[in-house]
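Overview (structure and organization)
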Protein chains: 2
Amino acid sequence: MKLLDIYARMKKDIAFVERELEDSVYTEHAMLKETSLHLLKAGGKRIRPVVVLLSSQFGQYDLQRIKHIAVPLELIHMATLVHDDVIDDADTRRGQQTVRAKWDNRIAMYTGDYIFAKALMVATQLSNPRIHQILSSAIVELTIGEIEQIRYFFRTDQTLRHYLLRIKRKTALLIAISCQLGAVASEATDDICRRMYQFGYNVGMAYQIRDDILDLTGTEKELGKPPGSDIRQGNITLPVLYALSDTGIRRELLDEIERVRLVDGQTDVSPFLRLIRGGTYIKQADNLSSRYIDRAIEALNGLPDIRAKQDLIKVAHFIGNRSY
Amino acid sequence: MKLLDIYARMKKDIAFVERELEDSVYTEHAMLKETSLHLLKAGGKRIRPVVVLLSSQFGQYDLQRIKHIAVPLELIHMATLVHDDVIDDADTRRGQQTVRAKWDNRIAMYTGDYIFAKALMVATQLSNPRIHQILSSAIVELTIGEIEQIRYFFRTDQTLRHYLLRIKRKTALLIAISCQLGAVASEATDDICRRMYQFGYNVGMAYQIRDDILDLTGTEKELGKPPGSDIRQGNITLPVLYALSDTGIRRELLDEIERVRLVDGQTDVSPFLRLIRGGTYIKQADNLSSRYIDRAIEALNGLPDIRAKQDLIKVAHFIGNRSY
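Note that the structure is predicted; figures quoted are calculated from it, not measured.

**Description of the overall build of chain A**
A tally of helices and strands in chain A yields 17 helices and 2 strands. Relative to the globule expectation of 20 Å for 324 residues, the C-alpha radius of gyration of chain A, 20 Å, shows essentially globular dimensions. Seen along its three principal axes, the alpha-carbon backbone of chain A occupies a region of about 55 × 50 × 35 Å. Classification of the 324 residues of chain A by burial places 62% in the buried group. Counting only contacts in chain A whose residues sit at least 6 apart along the sequence, the fraction spanning at least 24 positions is 74%. Of the accessible surface of chain A, which amounts to about 13100 Å², a share of 47% is contributed by carbon and sulfur atoms.

Written out as structure tokens, the structure reads:
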């Protein structure tokens, strides 16, 4: 199942948001236009705009208003990706050259700043201060999460709690507020706004865990980047944490991680991947991801039984099972 | 004359803003707190908060409201400085180690993102959408200016117009909206808001021209960084443009700039500095700076004759004459 099939009925509105996204980064500045459109055209699942559109159907659905939420949230997501690629020295993302690889790190940094600024500019079209407060608090957490990620690179002494807080800031929070703000901007009830946040948070946690699993199990073709990218940059993910707590392979795994660290990730990581794939660690991580999906769906209980609710359940299942 | 003497009467309010600045970047995250406070403590003239405080005296002066303008504008300025230092590979600023030198480029990038996010968070305390629209549009221009600066590095074919547009985006715009938003947030009349923008814009242009002159004439001790930093990173400033239009030295100057460019600025630039200091180019640039100061003061004509007006005139003169 593709995410696109799920929201076929919203095709027109999604296409509209897509055009708005392109328009929003428009500038007469040739290079910025090129770098921004390069990013946009590289695609992505547009999960944030889609959940904004769905959650806003629990209130007064008004696309002309909601676009001022959907567009900035996708732009903020994109801006963080460009900055992350600088940090990670990433050359490809989604099978495409990154901005830093096609241009350079400096241009990537300022492209991120520019897209971020454009996101804010779009959001200021909404006058509800609560929206801006939710948005800016989440962005602060997001930037803390980014720097936290660096701090925990190659840290094999980190706990599950560290990992969960990190992926909350890195991924779940932005999806959570996408759901929440769609509802807030449509003037849904406080209870609905809270449930939407809970839904998005849990879906986001599951999403990042799946993402971390796929980096360990996928092929370069499926991922659009080589598998094992996480460990090469020092990112210790959930299956690795589970494997580290298995005394049977802990010593060997620590040595392997240390070997990767000492050469700054410039090495073949297949021995590491074999170790992780060898046990039940992927399965364990998958179980936790499924639990988050269950909680996401639970959060929808008690919401009016409209089509958007069924669509959100489908989105949750898609994310829980996605294999690319 | 020091800027501090000018606003001695506002000492208490400025100290208050200073504390608010520190509070605003507070986080339990040890490293981000350290990098942010390192930046704040490195000082700076706090021109943006000061003009916010002054301009807001043309309306209903309310420090509790105005701080939500003064603090973000200084934070945004700081965030751009950290990112600029990454681009410029700068090791010192204001005689202090830069974040990128003391930590690293990645941490500097995310510290900039974090401070920027905090700036937004503070600004969202104000509910007037016009404020947010002015702020976000200026930030977009600012980021375009940053990338423009890179594009024009070592470009000796650029015109005066390129230079002026660049310093407008880089410096003048943020000072202009500091003045404007102080007035807007205090509900001053539209005419006053417009005049304040004009004042800030012209002061900002003069400020950056002075800054560019000082980089050519100052000593390392005065500047807190070595003179000639601009040309080493490829930044062609106003006196250099004037010198390039002097056929008597143009050839020699082009060769010298090319020599600096070929070694990525890793060279002694004293021959370049001698060439520029030798003619009347600094004087010419100084004249243009003075014209901007005159226009800034003209913009204040017709404003009510309160003490803030006299203070703004003093700020303008200070900026026109500053030698550090």
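**What to know about the interface of chain B and chain A**
Chain B puts 38 residues into the contact, and the matching count from chain A is 38 residues. Here chain B and chain A share an interface that buries about 3500 Å² over both sides, 76% of which is from carbon and sulfur atoms. Ranking the residues of chain B by area buried against chain A places B:R106, B:Y110 and B:I147 at the top, with a combined share of 19%. Taken together, the links from chain B to chain A amount to 0 salt bridges. Of all the elements in the fold, those that place two or more residues in the side of chain B that touches chain A are helix 3 (30–41), helix 5 (63–88), helix 7 (105–123) and helix 8 (129–151) of chain B. In terms of residue count, the dominant contributor to the side of chain B that touches chain A is helix 8 of chain B (14 residues). In terms of residue class, the side of chain B that touches chain A is made up of 19 nonpolar, 12 polar and 7 charged.

**A short note on the relation of the copies chain B and chain A**
Overlaying chain B with chain A gives an RMSD of 0.0 Å, the required rotation being 180 degrees about an axis along which the chain moves by 0.0 Å. Both copies are brought into coincidence by an operation consistent with a two-fold rotation axis. By residue overlap, the copies meet face to face through one surface: 100% of the interface positions of chain B are interface positions in chain A.

**A look at empty space enclosed by the protein**
Considering all chains together, one arrives at 11 cavities of 30 Å³ or more under this definition. Taken as a whole, the largest cavity encloses approximately 250 Å³ of empty space. Residue classes in the lining of the largest cavity are distributed as 9 nonpolar, 8 polar and 4 charged. One number sums up the size of the second largest cavity: a volume of about 160 Å³.

**Considerations on the side chain of A:E146**
Summarising the element assignment, A:E146 is placed in helix 8 (residues 129–151). A relative accessible area of 9% places A:E146 in the buried class.

**A word on the environment of B:G44**
Among the secondary structure elements, B:G44 is positioned in the loop between helix 3 and helix 4 (47–55). Given a relative accessible area of 34%, B:G44 falls into the partly exposed group.

**Describing helix 5 of chain B**
Residue and element names in this part refer to chain B. The terminal C-alpha atoms of helix 5 lie 36 Å apart, and with 26 residues this matches the ideal 38 Å at 1.5 Å per residue to within 8%. In terms of residue burial, helix 5 counts as a mostly covered element, since 24 of its 26 residues are buried. Between the side-chain oxygen of the N-cap and the backbone nitrogen of Q64 there are 3.0 Å, and the N-cap of helix 5 in question is D62. Count one or two residues on from helix 5 and you reach D89, which has phi positive near 50 degrees.

**Brief notes about the packing of helix 4 of chain B against helix 5 of chain B**
Residues and elements named next belong to chain B. Packing of helix 4 against helix 5 brings their axes to within 8 Å, and their N-to-C directions diverge by 155 degrees. With respect to their mutual orientation, helix 4 and helix 5 come out roughly antiparallel. Of the two possible hands of crossing, helix 4 and helix 5 adopt the one that is right-handed. Contacts between helix 4 and helix 5 involve R48, P49, V52 and L53 from the former and L63, I66, I69, A70, L73, E74 and H77 from the latter. Here the contact of helix 4 with helix 5 is composed, by residue class, of 8 nonpolar, 1 polar and 2 charged.

**Focus: the pattern of salt bridges**
Enumeration over the complete set of coordinates arrives at 32 salt bridges over all chains. The partner of B:D191 in a salt bridge is B:R195, with the nearest N and O atoms 3.1 Å apart. Of the two residues, B:D191 and B:R195 are both situated in helix 10 (residues 190–217); the distance of 4 residues between them amounts to about one turn of the helix. Look at the salt bridges and you will find they share partners, linking A:E18, A:R46 and A:E74 into a network.

**Some points on the packing of aromatic side chains**
Residue and element names in this part refer to chain A. Taken as a whole and assessed by the stated rule, the structure comprises 3 aromatic pairs over all chains. Considering the side-chain rings of Y201 and Y292, the 6.5 Å spacing of their centres and the 85 degrees angle between planes classify their relative orientation as edge-to-face. With a gap of 91 residues between them, Y201 in helix 10 (residues 190–217) and Y292 in helix 16 (residues 281–299) connect regions that are remote in the sequence. Judged by its relative accessible area of 5%, Y292 falls in the buried class. Sitting over the ring of Y292, R295 keeps its end group 4.8 Å from the ring centre.

**A short note on helix 16 of chain A**
Residues and elements named next belong to chain A. Its 19 residues place the ends of helix 16 28 Å apart at the C-alpha level, agreeing with the 27 Å of an ideal helix rising 1.5 Å per residue. Burial in helix 16 covers these residues: Y281, I282, A285, L288, S289, Y292, I293, A296, I297 and A299. Buried residues along helix 16 sit against helix 9 (160–185), helix 10, helix 13 (238–244), helix 15 (270–278) and helix 17 (307–321).

**Notes on unusual backbone geometry**
At B:R46, a residue that is not glycine, the phi angle is positive and equals roughly 55 degrees. Given a relative accessible area of 8%, B:R46 falls into the buried group.

**Examining the side chain of A:Q149**
All names here are of chain A. When you line up the elements, Q149 lands in helix 8. What makes Q149 buried here is its relative accessible area of 10%. Not counting residues within four places of it along the chain, the set of residues in contact with Q149 comprises R166, K170, Q233 and N235.

**Re the environment of A:R194**
Along the polypeptide, A:R194 turns up in helix 10. It is 30 Å that separates the C-alpha atoms of A:R194 and A:L40, two residues lying 154 residues apart in sequence.

**Section: the confidence of the model for chain A**
Residue and element names in this part refer to chain A. On average, residues of chain A score 92 in pLDDT, and 98% of them reach the 70 mark or higher. Looking across chain A, the model is least confident in helix 1 (residues 3–6), with a mean pLDDT of 66, and most confident in helix 13, with 98. The ipTM assigned to the predicted complex is 0.83, against a pTM of 0.88.

Reading guide: rules and limits
Residues numbered from 1 in each chain as written. Chains lettered and ligands numbered in written order. Predicted model: local features only at pLDDT ≥ 70, side-chain atom pairs only at ≥ 80, totals over all residues. Heavy atoms only, no water. Helix = DSSP H or I, 4+ residues; strand = E, 2+ residues; numbered from the N terminus. Rg over C-alpha atoms; globule rule 2.2 N^0.38 Å. Buried < 20%, exposed > 50% of the residue type's maximum accessible area, 1.4 Å probe, protein only. Contact = heavy atoms within 4.5 Å. Areas by Shrake-Rupley, 256 points an atom, 1.4 Å probe, with all protein chains shown as cover. Buried area = accessible area lost by both parts, 1.4 Å probe. Salt bridge = Lys/Arg side-chain N within 4 Å of Asp/Glu carboxyl O. Nonpolar A, V, L, I, M, F, W, Y, C, P; charged D, E, K, R; others polar. Least-squares fit on C-alpha atoms with pLDDT ≥ 70 in both. 1 Å grid on protein atoms, 1.4 Å probe; cavity = no way out; pocket = protein on both sides within 12 Å on 5 of 7 lines; lining within 4 Å. Points joined across faces, edges and corners; volume = space filled by probe spheres on them. Expected span 1.5 Å × (residues − 1). Polar contact = N/O pair within 3.5 Å; in protein donor to acceptor, adjacent residues only side chain to side chain. Axes fitted to C-alpha atoms, helices over the stretch in contact; angles between N-to-C directions. Parallel < 35°, antiparallel > 145°, perpendicular 65-115°, else oblique. Left-handed = near helix turned anticlockwise from the far one by under 90°. Phe/Tyr/Trp six-rings, centres within 6.5 Å; stacked < 30°, edge-to-face > 60°. Lys NZ or Arg CZ within 6 Å of the ring centre and 35° of its normal. pLDDT = per-residue confidence, 0-100.

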